[in-house]
Amino acid sequence: QLQASGGGLVQAGGSLRLSCVASGGSFSSYTMGWFRQAPGKEREFVSAIRSTGGNTYYADSVKGRFTISRDNAKNTAYLQMSNLKPEDTAVYYCAGHRGLILSSIRSAGDYVHWGQGTQVTVSS
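In this report, we go over the structure that sits alongside the text. (Residues numbered from 1 in each chain as written. Predicted model: local features only at pLDDT ≥ 70, side-chain atom pairs only at ≥ 80, totals over all residues. Heavy atoms only, no water.)

### As for unusual backbone geometry
Line of reasoning, step 1. Unlike most non-glycine residues, Asn-75 shows phi in positive territory, near 50 degrees.
Line of reasoning, step 2. Counting through the fold element by element, Asn-75 comes out in the loop between β7 (66-71) and β8 (76-81).
Line of reasoning, step 3. Residue classification places Asn-75 among the partly exposed residues on the basis of a relative accessible area of 28%.
Line of reasoning, step 4. Positive phi outside glycine occurs at Asn-83, with the angle close to 50 degrees.
Line of reasoning, step 5. Tracing the backbone shows Asn-83 in the loop between β8 and β9 (90-98). (Helix = DSSP H or I, 4+ residues; strand = E, 2+ residues; numbered from the N terminus. Buried < 20%, exposed > 50% of the residue type's maximum accessible area, 1.4 Å probe, protein only.)

Rendered as structure tokens:
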């Protein structure tokens, strides 16, 4: 089970840190991903991190502004978001899956476990 938190209302240029806490599973063996969905749009990939934290992946739209990390001792994944823009406004979801191949990292349909989502609103 995944529980996302940390969303909120922030002005453009501001920062937020999202957290995703896992319970009841082998968090340290999961690839963790962050996705987002804006109103009227499809869910899109934001970032992902491999189980050991050694490899990270980003959508081009957030590269250089967002940083994904994880603390396996705390069963928690993070998404540090900086220099936020109004177009980052969305519901953000964390997701997890064990053993994802590289071609599946950015595909929401390939993640089995999902959190409930946390709203991020960036005002201009």
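Right, picking up where we left off after that structure.
### With respect to the pattern of salt bridges
In a structure, side chains of opposite charge can pair up when their charged atoms sit close to one another.
Line of reasoning, step 1. In total, this model carries 4 salt bridges according to the counting rule given.
Line of reasoning, step 2. The network of salt bridges with shared partners includes Arg-36, Glu-44, Arg-65 and Asp-88. (Salt bridge = Lys/Arg side-chain N within 4 Å of Asp/Glu carboxyl O.)

### Some thoughts on the pairing of strand β11 (residues 118-123)
Line of reasoning, step 1. Side chains Thr-118, Val-120 and Val-122 project from β11 onto a buried face, and the interleaved Gln-119, Thr-121 and Ser-123 project onto a face without burial.
Line of reasoning, step 2. Here 4 bridges tie strand β2 (residues 8-11) to β11, and the two strands are oriented parallel to one another. Bridging from a neighbouring strand, Gly-8 pairs with Val-120 of β11.
Line of reasoning, step 3. Two strands pair when backbone bridges link them, and β9 and β11 are joined in this way by 3 bridges, in the antiparallel orientation. (Pairing = 2+ DSSP bridges.)

### Examining the nonpolar core
Note that soluble globular proteins tend to have their nonpolar side chains buried in a common cluster.
Line of reasoning, step 1. Core analysis: the largest hydrophobic core is formed by 36 residues, its most contacted members being Met-32, Trp-34, Phe-66, Leu-79, Met-81 and Tyr-92.
Line of reasoning, step 2. Other than its neighbours up to four places away in sequence, Leu-79 contacts Leu-16, Arg-17, Leu-18, Trp-34, Val-46, Ser-47, Phe-66, Thr-67, Ile-68 and Tyr-92. (Core = buried A, V, L, I, M, F, W, Y, C linked by side-chain atoms within 4.5 Å. Contact = heavy atoms within 4.5 Å.)

### Things to note about the sheet that holds strand β1 (residues 2-5)
Line of reasoning, step 1. Spatial strand order, β1-β3-β8-β7: 4 strands in an open sheet with antiparallel pairing. Sheet topology places β1 and β7 at the edges, where each strand pairs with a single neighbour. Strand-to-strand twist across the sheet, computed as the mean angle between neighbouring axes with direction ignored, equals 15 degrees.
Line of reasoning, step 2. Pairing between β1 and strand β3 (residues 16-22): 4 bridges, direction antiparallel. Among the inter-strand pairings, Leu-2 is bridged to a residue of β3, identified as Ala-22. (Axes fitted to C-alpha atoms, helices over the stretch in contact; angles between N-to-C directions.)

### So, the packing of aromatic side chains
Line of reasoning, step 1. Inspection of every chain in the model, using the stated rule, returns 5 aromatic pairs.
Line of reasoning, step 2. Here Phe-35 and Tyr-111 contribute two aromatic rings whose centre-to-centre distance is 5.1 Å and whose plane-to-plane angle is 75 degrees, an arrangement assigned as edge-to-face. Linking Phe-35 in strand β4 (residues 30-37) with Tyr-111 in the loop between β9 and β10 (113-114), this pair joins segments that are 76 residues apart in sequence. Of the two residues examined, Phe-35 and Tyr-111, each falls in the buried class.
Line of reasoning, step 3. Residue Tyr-111 is classed as buried on the basis of its relative accessible area of 4%.
Line of reasoning, step 4. Through a chain of ring-to-ring contacts, the aromatic side chains of Phe-35, Phe-45, Tyr-93, Tyr-111 and Trp-114 assemble into a single cluster.
Line of reasoning, step 5. Between Arg-43 and the ring centre of Tyr-93, over which it is positioned, the NZ or CZ distance is 3.8 Å.
Line of reasoning, step 6. Between Arg-70 and the ring centre of Phe-27, over which it is positioned, the NZ or CZ distance is 4.5 Å. (Phe/Tyr/Trp six-rings, centres within 6.5 Å; stacked < 30°, edge-to-face > 60°. Lys NZ or Arg CZ within 6 Å of the ring centre and 35° of its normal.)

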